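So you can see what is in the structure, the chains are spelled out below.
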Number of protein chains: 2
Amino acid sequence: MDNKKIEKISRALSDANRIAILQEFKKKKDCLYCAEVNDMLDLTQPSVSHHLKQLVDAELLLPQKEGRNLKYVLNQQILDDYIACLTELKD
Amino acid sequence: MDNKKIEKISRALSDANRIAILQEFKKKKDCLYCAEVNDMLDLTQPSVSHHLKQLVDAELLLPQKEGRNLKYVLNQQILDDYIACLTELKD
DNA sequence: TTTAAATATTCAAATGTTTCGATATATAAG
DNA sequence: CTTATATATCGAAACATTTGAATATTTAAA
């Protein structure tokens, strides 16, 4: 993972709403629907859409279309890669 | 570690110059001097000072005064705590 | 005690991010 | 085919971050 990617993932994680979205996976387990995120956050739909886009662009979330709904799964692999980079910082 | 702290650390990590500073510890090992960071980055002294402040405010770096020089050590504990929070996201 | 060196602070300009209203697009339901 | 629902995009306002010039502060050296 190059530095540009580390920067992008870090930026995706540097917002309270986006951290809350990721943590919601601990409850909902396997997947989370776009509509659920809309209900969960105290933001308008375009704002939620913006935050989800940041997470998808950073590849922390993988989107899957289901008819007119949108389902997200957590990308555990990229989280592992990011954690590995941080671990390397510690000499 | 609460979400405000995760947010702050993530933001500190979301900049190419600051990532480069942290990675420099892998070379210089134990500690890094402020002056070394000034030499290393293609930025003016006030800008470097700003970036170092972000890292210190996030507690990723611990500053130690040595006369008129300033020495930084990496705060491995907070990195570990941050990594632990990210690991928890993975169910 | 004057001077020089290292670092921090202030201020303003430039740039980037977040938010929302309005609107567009896509797809399902009637 | 028309309507309703889910999500995305656009545009602008508000806010935050990054940068550097100028200047202040701190401490060492002369």
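Criteria and cut-off values
Residues numbered from 1 in each chain as written. Chains lettered and ligands numbered in written order. Predicted model: local features only at pLDDT ≥ 70, side-chain atom pairs only at ≥ 80, totals over all residues. Heavy atoms only, no water. Near = heavy atom within 4 Å. Polar contact = N/O pair within 3.5 Å; in protein donor to acceptor, adjacent residues only side chain to side chain. Helix = DSSP H or I, 4+ residues; strand = E, 2+ residues; numbered from the N terminus. Nonpolar A, V, L, I, M, F, W, Y, C, P; charged D, E, K, R; others polar. Pairing = 2+ DSSP bridges. UniProt positions renumbered as here; feature names shortened; annotations may be inferred.

Okay, the protein's contact with DNA strand D next. For DNA strand D, the set of nearby residues contains 22 residues, the closest of which are A:Gln45, A:Leu70, B:Arg18, B:Ser47 and B:His51. Counting only the atoms of DNA strand D that lie within 4 Å of the protein, the sugar and phosphate share comes to 68%. Taking B:Thr44, its main chain carries an N or O atom lying 3.1 Å from a phosphate oxygen of DNA strand D. Breaking the surface near DNA strand D down by element, the ones donating at least two residues are helix H3 (34–40), helix H4 (45–57) and strand E3 (69–74) of chain A together with helix H2 (16–28) and helix H4 (45–57) of chain B. Residues of the surface near DNA strand D, tallied by class, amount to six nonpolar, nine polar and seven charged.

For the rest of this paragraph, the subject is the pairing of strand E3 (residues 69–74) of chain B. Regular strands show a simple pattern: their side chains alternate between the two faces of the sheet. All names here are of chain B. Here three bridges tie strand E1 (residues 31–33) to E3, and the two strands are oriented antiparallel to one another. Counted as the bridge partner of Cys-31 is Val-73 from E3. Hairpin connection, strand E2 (residues 61–66) to E3: the antiparallel pair is bridged by two residues, and Gly-67 has positive phi, about 65 degrees.

All names here are of chain A. The three strands are arranged E1-E3-E2 in an open sheet whose pairing can be described as antiparallel. Only two strands of the sheet have a single partner each, and these edge strands are strand E1 (32–33) and strand E2 (61–66). Bridge count for E1 against E3 is two bridges, and the pairing is antiparallel. Residue pairing for E3: Tyr-33 is matched across the bridge by Lys-71.

Under the present numbering, the feature "domain: HTH arsR-type" (unreviewed entry) in UniProt falls on residues 1–91 of chain A. In residues 1–91 of chain A, helix accounts for 63% and strand for 15%; the two terminal C-alpha atoms are 17 Å from one another.

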